[in-house]
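Topology and contacts: notes
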Amino acid sequence: MRTTVGGRAMTFGAVARRAGVGSAGYVSDVLKGNRVPSPSAAVAFAEAMGATEDEVVRVGALARTAQQIRVAKPETVKVARLVKAAPQGFVGRGDDLNVLSSLAGVLGRGAPQRTITRVSGLAGVGKTWFVLHWAHRHLAKFPHGQLYADLRGFAESAEPAWPPELLPRFLRALGVAAGAIPADADDQAALFSEVTRGRRLLVVLDNVAELGQIEPLLPDGPSTVIVTSRNHLRELLVGWGAGALQLAGLTDPEARSLLASGAVASRAEADPGALDELVGLCGGLPLALSIVRSQAVIQAGWPLGEVAAFYRDGPELPGIFWSEYDRFGPDVRAAFRLLGLCPGVDVELAGAASLLGRPLAETAGLLHLLVSKSLLEQPARDRFRMHDLVLAFARARAEAELALDERIAARRRLADSLLAGAHAAQQQLSPHRPAVTLDDPGPLVVPMRPAGDAMSWFDGRYPMLTGLQRYAAGQGWDAMVWQLAWSLDDYHYRRGLFAAHEQAWRRGLTAAERSGDPEALALARLCLGNILTRADRRDEALPLLEQARAWFAGNRDLAGLAQSHRALQFGAAGPEHLHHAQRALELFRELGDPVWIAIALNAVGECLARLGRPDEARRHCTEALGLHRELGNASGEAAALDSLGIAAAAAGDRDEAERHYRAAITLYRGLRNSSSEANTLVRLGEVLDESRARAEWARAVELLDEQGRADEADEVRRRL
């Protein structure tokens with residue numbers, strides 16, 4: 001309450017008198033966080049303190065949440081275990097470990113207090129390894145658990161992490177039920193402060209770029225917070241009284257110990273001079289030492305003197321990369337710097353071949369050479385990954401050595417390859433959907449071809465695809481922008497990513513408008529309107545859908561016209577709802593497309609069920625179910641079973657409805673369609689007795705929360 005209202009200057013007695021609730025002592029306990037008020041008392045105190053209307057609403061919501069979760073005592077709280085595993089091969093840094101122990105307040109037997117320590121140093125100096133090694137030596141000091149988060153402040157391959165992403169994870173780890181976590185980020189921060197009060201936790205916040213990333217993540221109890229950063233974060237030192245530890249490189253003895261371990265030991269003993277030279281070349285940086293040691297292990301037949309000669313001319317990090325780079329032939333150098341243009345650290349062989357503009361076999365040879373030099377990793381057969389630091393060096397070389405038009409052309413080839421993969425994956429998800437036609441990307445592009453499960457393919461490339469759409473919009477590649485939105489359509493829907501789905505098609509609509517392509521514009525209006533109707537935003541959706549319908553009708557595009565009526569069905573009510581569903585069915589029959597006839601039959605059946613005509617509804621949905629099974633369309637079969645459940649429920653047959661709903665849920669899970677699964681779980685609960693309904697609704701709330709469907713989750717939560 002103090003945080004939300006802003007600490008108005010009033011005595012406790014004055015607040016109590018003005019609010020007409022409690023005593024000065026009661027107000028004191030509430031404002032000091034020792035007592036949870038009722039929502040009505042909290043609102044009265046906030047109004048007495050001169051809170052704004054928004055502040056009053058927020059205080060009431062926080063009080064309701066606090067009552068719901070009944071925050072546990074420290075001795076009964078769930079013990080959080082989020083800290084990462086201890087690193088292998090850690091050496092040295094004894095003095096630094098002792099300094100950190102002192103700054104963190106784990107020495108001696110005094111009463112624990114909150115400490116914050118910033119551990120900083122050059123990229124590659126081993127900050128994360130150091131802190132994790134220290135943490136695992138002191139786990140017993142933190143009886144209420146450990147929290148860890150990578151803030152990604154310096155990652156080339158991902159956006160930085162911010163409190164709205166991390167607070168829910170921390171709260172769940174501390175035992176707060178997902179349903180009790182507020183939607184508002186400020187409320188989450190206030191709840192985190194409440195939950196951590198009086199608890200002894202270790203909180204490791206790794207790779208922080210700026211103070212704003214972590215302020216709401218600082219606990220309110222006698223905890224130890226360790227922040228790692230390449231930056232000095234002076235605001236953390238000045239504003240929060242944090243201690244500071246600057247990591248330098250390893251000492252020469254420590255570096256020798258790391259470099260000469262295991263398979264390299266005998267060669268190091270035979271040639272200590274070469275070992276000393278390599279230690280000097282690496283400048284004590286653990287990342288550079290690891291690269292050199294990997295090269296020595298791979299080249300097991302090389303004397304250590306040859307390894308040293310291989311690296312001799314380069315300066316310190318990133319000179320270790322310079323040394324490698326300068327020794328490459330022109331083809332390998334070209335491949336390395338072009339890989340620096342990849343929007344993420346992870347790329348597959350076809351994408352790399354397109355980026356490089358080379359055949360697959362030639363590209364594979366170049367990539368495997370880079371793997372052997374420890375400048376690439378190969379986590380899977382045709383997947384390659386570049387460390388952030390190496391990627392930054394490669395990108396710098398590309399920007400320095402390639403003309404702007406060369407860089408743009410290379411990125412366009414990669415984009416065309418990735419778009420082809422997304423287009424193919426979308427067709428795997430919905431083979432019955434008429435596909436958009438991609439332009440011929442040219443002979444230098446190797447299209448990606450999703451192998452196996454299309455949803456898994458999208459999962460692994462989703463950040464790159466969304467980043468690519470933003471980049472394409474900035475470059476004015478209009479066709480690619482809306483084609484990517486189309487290619488992500490089913491993935492977004494099945495994952496329940498409604499906000500991202502809308503955003504992708506808003507970019508697509510802007511690009512289609514700019515392109516002057518009327519067919520693309522009609523498609524973008526149709527798809528965005530469809531998304532908005534399902535979100536009950538009919539005022540925004542209907543103008544888009546009517547414009548799309550008019551264009552498709554005027555151009556005798558029966559498939560587009562049918563889809564327009566199908567979308568308008570979701571935005572209509574009563575008889576109009578049924579009219580659009582029936583018109584879509586007529587058009588699909590005219591087209592003679594059996595899959596879409598089955599889909600439209602099911603839509604008509606569902607409309608009839610909702611209009612109180614269950615017998616007619618069952619006939620339509622049963623016919624649709626038979627067609628889908630005959631065609632092997634599992635997605636349509638699940639939808640038809642769901643609609644049969646709706647029809648049975650409308651007829652008052654709860655047992656039949658339950659059977660159909662459960663069969664639909666099984667299929668949706670197999671299809672990894674968590675969006676539709678959540679919808680059907682809600683309906684299933686409506687035909688069950690209270691005790692069984694709660695279990696289904698709890699699972700639905702979990703899915704809806706994961707999908708960011710806050711309003712729907714809250715509605716189901718109220719039933720619980």
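The present account deals with the structure reproduced in this document. Everything numeric in this text was worked out from a predicted model, so none of it was measured. (Residues numbered from 1 in each chain as written. Predicted model: local features only at pLDDT ≥ 70, side-chain atom pairs only at ≥ 80, totals over all residues. Heavy atoms only, no water.)

With that settled, the discussion passes to the overall build of the protein. Counting its regular elements, the protein contains 36 helices and 9 strands. Taken along its principal axes, the extent of the C-alpha atoms in the protein is 90 × 80 × 45 Å. When burial is assessed residue by residue, the protein has 52% of its 720 residues classed as buried. (Helix = DSSP H or I, 4+ residues; strand = E, 2+ residues; numbered from the N terminus. Buried < 20%, exposed > 50% of the residue type's maximum accessible area, 1.4 Å probe, protein only.)

Note that isoleucine 665 resides in helix H33 (residues 654–671). In this structure isoleucine 665 touches Glu677, Thr680, Leu681 and Leu684, once residues within four positions along its chain are discounted. (Contact = heavy atoms within 4.5 Å.)

Let us now look at the sheet that holds strand S5 (residues 224–229). Spatially, the 6 strands line up as an open sheet ordered S1-S3-S4-S5-S2-S6, and their pairing is parallel. Sheet topology places strand S1 (80–81) and strand S6 (243–246) at the edges, where each strand pairs with a single neighbour. Where strand S2 (residues 115–120) and S6 come together, 4 bridges link them in parallel fashion. Counterpart to threonine 117 in the pairing with S6 is glycine 243. Contacting S2, strand S3 (145–150), strand S4 (202–206), S5 and S6, helix H7 (residues 127–137) runs over the sheet at an angle of about 165 degrees to S5. (Pairing = 2+ DSSP bridges. Axes fitted to C-alpha atoms, helices over the stretch in contact; angles between N-to-C directions.)

A few words on H33. A rise of 1.5 Å per residue sets the reference length of H33, with its 18 residues, at 26 Å; its end C-alpha atoms lie 26 Å apart and thus fit the reference within 8%. When H33 is considered as a whole, its buried residues turn out to be Glu656, Ala657, Glu658, His660, Tyr661, Ala664, Ile665, Tyr668 and Leu671. Among the residues trailing H33, arginine 672 stands out with phi positive, at a value near 60 degrees. (Expected span 1.5 Å × (residues − 1).)

Bringing the nonpolar core into the picture now. Phe336, Leu339 and Phe458 are the most contacted members of the largest nonpolar core, which totals 56 residues. Elements supplying a minimum of two residues to this core: helix H17 (330–339), helix H18 (349–356), helix H19 (360–372), helix H20 (388–401), helix H21 (404–429), helix H22 (454–475) and helix H23 (478–487). Residue contacts for leucine 339: discarding those within four places in its chain leaves Val347, Ala352, Leu355, Leu356, Leu367, Leu370, Leu376, Met386 and Leu391. Core analysis: the next-biggest nonpolar cluster, separate from the first, contains 48 residues, Leu601, Leu684, Val701 and Leu704 among them. (Core = buried A, V, L, I, M, F, W, Y, C linked by side-chain atoms within 4.5 Å.)

Once that is clear, we can look at the sheet that holds strand S7 (residues 346–348). Taken together, 3 strands build an open sheet; the order of strands is S7-S9-S8 and the sheet is antiparallel. Of all the strands in the sheet, the pair left with one neighbour each is S7 and strand S8 (377–380). Within the sheet, the average angular offset between the axes of one strand and its neighbour, ignoring direction, is 35 degrees. Sheet analysis places S7 next to strand S9 (residues 383–385), joined by 3 bridges and oriented antiparallel. Following the sheet pairing, aspartate 346 is matched in S9 by arginine 385.

In terms of residue burial, S5 counts as a mostly covered element, since 6 of its 6 residues are buried. Side-chain alternation along S5 places Thr224, Ile226 and Thr228 on one buried face and Val225, Val227 and Ser229 on a second face that is also buried. As paired strands, S2 and S5 are joined by 6 bridges and run parallel to one another. Directly across from arginine 118, in S5, lies its bridge partner valine 227. Relative to S5, S4 is paired through 4 bridges, and the arrangement is parallel. For valine 203, the partnering residue across the bridge sits in S5 and is valine 225.

Throughout the structure, instances matching the rule amount to 2 cavities of 30 Å³ or more. Taken as a whole, the largest cavity holds about 80 Å³ of empty space. Taken together, Gly89, Phe90, Val91, Arg93, Val125, Gly126, Trp129, Phe130, Leu250, Leu258 and Pro286 form the lining of the largest cavity. Considering only residue class, the lining of the largest cavity consists of 8 nonpolar, 2 polar and 1 charged. (1 Å grid on protein atoms, 1.4 Å probe; cavity = no way out; pocket = protein on both sides within 12 Å on 5 of 7 lines; lining within 4 Å. Points joined across faces, edges and corners; volume = space filled by probe spheres on them. Nonpolar A, V, L, I, M, F, W, Y, C, P; charged D, E, K, R; others polar.)

Attention now moves to the state of the cysteines. In the structure shown here, the tally under the stated rule is 0 disulfides. There is no disulfide at cysteine 621, and the cysteine sulfur nearest it, in cysteine 607, is 9.6 Å away. (Disulfide = S-S within 2.5 Å.)

Helix-helix packing: each pair is described by the crossing angle between the helix axes and the interaxial distance. Look at helix H34 (residues 674–686) against helix H35 (residues 690–706): their axes get within 8 Å of each other, and the N-to-C directions meet at 155 degrees. In terms of orientation, H34 and H35 fall into the roughly antiparallel class. H35 is crossed by H34, and the crossing has left-handed handedness. Touching Ser674, Glu677, Ala678, Leu681, Val682, Leu684, Gly685 and Glu686 of H34 are Ala693, Glu696, Trp697, Arg699, Ala700, Leu703 and Leu704, all from H35. By residue class, the composition of the contact of H34 with H35 is 9 nonpolar, 2 polar and 4 charged. (Parallel < 35°, antiparallel > 145°, perpendicular 65-115°, else oblique. Left-handed = near helix turned anticlockwise from the far one by under 90°.)

Under the definition given, this model contains 43 salt bridges. Measuring nitrogen to oxygen at the nearest pair gives 3.9 Å for the salt bridge that ties glutamate 590 to arginine 556. Here glutamate 590 is found in helix H29 (residues 574–591), whereas its partner arginine 556 is found in the loop between helix H27 (538–554) and helix H28 (558–571), with 34 residues between them in sequence. For the pair glutamate 590 and arginine 556, one class covers both residues: exposed. (Salt bridge = Lys/Arg side-chain N within 4 Å of Asp/Glu carboxyl O.)

Where H28 meets helix H30 (residues 594–610), the axes come as close as 12 Å, and the angle between the chain directions of the two elements is 25 degrees. In terms of their interaxial angle, H28 and H30 are classed as roughly parallel. In terms of crossing hand, the pair formed by H28 and H30 is left-handed. For the pair H28 and H30, contact is made by Gln563, Arg566 and Gln569 and by Trp596, Ile599, Ala603 and Cys607, respectively.

With that settled, the discussion passes to unusual backbone geometry. Here the phi dihedral of asparagine 207 falls at roughly 60 degrees; this positive angle occurs in a residue that is not glycine. Assignment of secondary structure puts asparagine 207 in the loop between S4 and S5. Look at asparagine 207 and you get partly exposed, because its relative accessible area is 23%. With phi around 50 degrees, arginine 556 is a residue other than glycine that occupies positive phi space.

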